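Each chain, letter by letter, is given below.
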Amino acid sequence: MSKEADQILELYNKQVLSVKLLNKIKDWLNEEVKTNNKYTFDDYNGFDDSDVYLFRGRAEVASGLLKQINEWEKS
């Protein structure tokens, strides 16, 4: 293979890895939203208010980052 072909293949492989990484990040963020949004003040008596605020905050940050990633992908 030529040097140019090797460079193209290397760039392609880096792009594929970037897409895979981004998809893993988005999957993890979606799971954070799903997992942490289920906690409410009424449903989980074993938690105090600060725990529920922490869960909700994690979900909010993950949701916001997902929204921002989607905006970046459109531009």
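Computed from a prediction, not measured in an experiment: that's the story for all the values here. (Residues numbered from 1 in each chain as written. Predicted model: local features only at pLDDT ≥ 70, side-chain atom pairs only at ≥ 80, totals over all residues. Heavy atoms only, no water.)

*Asks:* Help me out: how do you make sense of the nonpolar core in this one?
*Replies:* The nonpolar side chains of soluble globular proteins are, as a tendency, buried together. Within the largest apolar cluster, five residues are counted, these being L29, V33, A62, L66 and I69. Listing elements by their share of this core, those giving two or more residues are α1 (3–37) and α2 (49–74). Dropping the residues within four chain positions of it, V33 is found in contact with A59, A62, S63 and L66. (Core = buried A, V, L, I, M, F, W, Y, C linked by side-chain atoms within 4.5 Å. Buried < 20%, exposed > 50% of the residue type's maximum accessible area, 1.4 Å probe, protein only. Helix = DSSP H or I, 4+ residues; strand = E, 2+ residues; numbered from the N terminus. Contact = heavy atoms within 4.5 Å.)

*Asks:* In this structure, what is going on with the pattern of salt bridges? I would like to understand it.
*Replies:* When the charged atoms of two side chains with opposite charge come close together, those side chains can pair. Counted under the stated rule, the structure contains three salt bridges. The salt bridge partner of K26 is E73, with a shortest N-O separation of 3.2 Å. Placement of the pair is K26 in helix α1 and E73 in helix α2, with a sequence separation of 47 residues. We note a salt bridge from R58 to E32, for which the minimum N-O separation is 2.7 Å. Here R58, found in helix α2, pairs with E32, found in helix α1; they are 26 residues apart in sequence, far enough to count as distant. You can call E32 buried: its relative accessible area is 14%. (Salt bridge = Lys/Arg side-chain N within 4 Å of Asp/Glu carboxyl O.)

*Asks:* How do you make sense of α1 when you look at a structure like this?
*Replies:* Turn by turn, an α-helix covers 3.6 residues, leaving residues three or four places apart pointing in a common direction. With 35 residues, α1 extends 51 Å between its outermost C-alpha atoms, agreeing within 8% with the 51 Å of an ideal straight helix rising 1.5 Å per residue. Every buried residue of α1 is listed here: K26, L29, E32, V33 and N36. Looking at the packing, one finds that the buried side of α1 touches α2. (Expected span 1.5 Å × (residues − 1).)

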